[in-house]
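Each chain is listed here by its residues.
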Amino acid sequence: MDQMVLDHQRLRYLRLGFRLAIITVAWNVLEGVIALIAGVSAGSVALVGFGFDSFIETASGAVVGWRLHLELAGRSPAGIEQLERRTSRIAGALLFLLAAYLTVDPLRRLLGFGERPEESLLGIVLTAVSLAVMPVLGWGKLRAASVLKSGSLRADAYETIACAWLSFTTLLGLSLNAALGWWWADPAAALVLLPLIIREGLEAWHCRCCGDG
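Described in the following lines is the structure provided in the data block. All of these numbers come straight from a predicted model, not from anything done at the bench. (Residues numbered from 1 in each chain as written. Predicted model: local features only at pLDDT ≥ 70, side-chain atom pairs only at ≥ 80, totals over all residues. Heavy atoms only, no water.)

## Some remarks on the packing of helix 2 (residues 45–72) against helix 4 (residues 121–148)
So, point 1. Contact geometry of helix 2 with helix 4 gives a least axis separation of 13 Å together with a crossing angle of 25°. Accordingly, the angle class assigned to the pair helix 2 and helix 4 is roughly parallel. With respect to the hand of their crossing, helix 2 and helix 4 are arranged in left-handed fashion. Facing helix 2, whose interface residues are Leu47, Phe50, Glu57 and Leu68, helix 4 presents Gly123, Leu126, Thr127, Ser130, Met134 and Leu148.
So, point 2. Across the contact of helix 2 with helix 4, the residue classes break down as six nonpolar, three polar and one charged. (Axes fitted to C-alpha atoms, helices over the stretch in contact; angles between N-to-C directions. Helix = DSSP H or I, 4+ residues; strand = E, 2+ residues; numbered from the N terminus. Parallel < 35°, antiparallel > 145°, perpendicular 65-115°, else oblique. Left-handed = near helix turned anticlockwise from the far one by under 90°. Contact = heavy atoms within 4.5 Å. Nonpolar A, V, L, I, M, F, W, Y, C, P; charged D, E, K, R; others polar.)

## Digging into helix 4
So, point 1. With 28 residues, helix 4 ought to run about 40 Å at 1.5 Å a step, and its terminal C-alpha atoms sit 41 Å apart, in line with that.
So, point 2. At leucine 131, helix 4 shows its strongest bend, of approximately 25°, with the proline proline 135 following within four residues.
So, point 3. One or two positions beyond helix 4, positive phi appears at lysine 149, with a value near 55°. (Expected span 1.5 Å × (residues − 1). Bend = angle between axes of the 7 residues up to and from the residue.)

## Observations regarding a nonpolar patch on the surface
So, point 1. Together, Leu107, Leu110, Leu180, Trp182 and Trp184 make up a nonpolar patch on the protein surface, roughly 470 Å² of accessible area in all.
So, point 2. Counting through the fold element by element, leucine 107 comes out in helix 3 (residues 77–110).
So, point 3. The class of leucine 107 is partly exposed, set by a relative accessible area of 40%. (Patch = residues over 30% accessible without salt bridge, like charges linked within 9 Å, V, L, I, M, F, W, Y side chains within 5 Å. Areas by Shrake-Rupley, 256 points an atom, 1.4 Å probe, with all protein chains shown as cover. Salt bridge = Lys/Arg side-chain N within 4 Å of Asp/Glu carboxyl O. Buried < 20%, exposed > 50% of the residue type's maximum accessible area, 1.4 Å probe, protein only.)

## Brief notes about the pattern of salt bridges
So, point 1. Within this structure, the stated rule accounts for three salt bridges.
So, point 2. As a salt-bridge pair, arginine 67 and glutamate 71 come within 2.8 Å of each other at their nearest N and O atoms. With arginine 67 and glutamate 71 both in helix 2, this residue pair falls four residues apart, about one helical turn.
So, point 3. The shortest N-O distance in the salt bridge between aspartate 156 and lysine 141 comes to 2.7 Å. Here the residue aspartate 156 occupies a position in helix 5 (residues 151–180), and lysine 141 occupies one in helix 4, the gap between them amounting to 15 residues.

## Here's the deal with the packing of aromatic side chains
So, point 1. One pass over the structure, following the stated rule, counts two aromatic pairs.
So, point 2. Note on tryptophan 165 and phenylalanine 168: the rings are 6.4 Å apart at their centroids and 85° apart in plane angle, and the pair reads as edge-to-face. Pair noted here: tryptophan 165 and phenylalanine 168 are both in helix 5, with a separation of three residues, about one helical turn.
So, point 3. Here tryptophan 165 falls in the exposed class, since its relative accessible area comes to 52%.
So, point 4. Its relative accessible area of 39% is what places phenylalanine 168 among the partly exposed residues. (Phe/Tyr/Trp six-rings, centres within 6.5 Å; stacked < 30°, edge-to-face > 60°.)

So this is what it looks like as structure tokens:
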């Protein structure tokens, strides 16, 4: 395969990765707004946490989209890597703050402090749709990252896939509360999110997304 074919393939996947990043940002803004409104209305800590995570993923998608845009525009690799390192640390710090919130508030509710969450049909529909959308976006990004040998796009892809797991655990908690009245399933689901969020925060803080090939 000659250099012209290789360059054409890279350009095609750069454009694909950029489009997927834009779609991710648009979806997560909408998802985050709806999740926060529904979560506050129902008193659901899991749904509020899910909404905050959507905005953090929005930031990640925007950074990766900008990084791909810079390469498409012919910017230097050094400038791209510097941008990734700076924004990764900001994203990591935000994830740690989210983890702190998802530790304190669910424990407070499980111990009997604060109102019990109400059922949220809107939250159930939202997380079900997210569970269908996120894996498609994530695997598309992984394919593009493999061709581009892009660490940042690969990290963003795994964050999108992790969002699918967050959708599943949040949906499970909301459904158990709605169907069986198990109010404790909501804060318990929020606690289940912690390992994923902490892992994402550590990876972002240590800038595992940097070092693109």
